[in-house]
Amino acid sequence: MGVPQDHVEAIALVGRALVPYGERPGPEGVAALIDDLITCGQKLHDALCGTPSPQRPAGAFEALAEWEYFAAVGPLGSGSHANWNHARGLARIMRQLVRALEHAAGASAS
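Residue numbering note: each chain is counted from 1, following its sequence as written. The predicted nature of this model means local features are confined to residues of pLDDT at least 70 and side-chain atom pairs, given and counted, to a pLDDT of 80 or more, with totals for whole chains, interfaces and linings taken over all residues. To obtain the side-chain values, all non-hydrogen atoms of the structure were used and water was disregarded.

Examining the side chain of His 45
- What counts as a helix is a DSSP run of H or I of at least four residues, what counts as a strand is a run of E of at least two, and both are numbered from the N terminus. Along the chain, His 45 turns up in helix α2 (residues 27-49).
- Think of it in three bands: with a 1.4 Å probe and only protein chains considered, a residue is buried below 20% of the maximum accessible area for its type, exposed above 50%, and partly exposed in between. A relative accessible area of 6% places His 45 in the buried class.
- Beyond its immediate chain neighbours, meaning those up to four positions away, His 45 contacts Leu 64, Trp 67, Glu 68 and Leu 97. Contacts are assigned to residue pairs that have any heavy atoms within 4.5 Å of one another.

Notes on the nonpolar core
- By size, the foremost hydrophobic cluster in this structure holds 26 residues, and its most contacted members are Leu 33, Leu 37, Leu 44, Leu 48, Met 94 and Leu 97.
- The set of elements that each furnish at least two residues to this core consists of α1 (5-17), α2, α3 (60-73) and α4 (80-109).
- It is α4 that contributes the most residues to this core, ten residues altogether.
- Setting aside its immediate chain neighbours within four residues, Leu 44 contacts Asp 6, His 7, Ala 10, Met 94, Leu 97, Val 98 and Leu 101. Take the buried Ala, Val, Leu, Ile, Met, Phe, Trp, Tyr and Cys residues and link them wherever side-chain atoms come within 4.5 Å; each set so joined is a nonpolar core.

Keep in mind that these numbers describe shape and distance, not what the molecule does.
Given below as structure tokens:
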């Protein structure tokens, strides 16, 4: 069985968001990245919510709660730096969601 497409997309988005500060895209690129992160991350969130609790690893509940908060609240502050930090925060949470889903898939396969 291959890696789900949502996971591949998520890992690529995480990679785009977690580059060194000097390599960040311009304001329009950051805005587009945030949109992509939220779209993909919400799919991961929904998939993890649909996973039976016993199959979820430790930390899954926290990742779900963080995702809900960060996706709803948006950047803390204003300006391009706040938007960039928001994108990076979303990416870190997405990385946790992917790990939790991979753990759950492994738990259900055994």
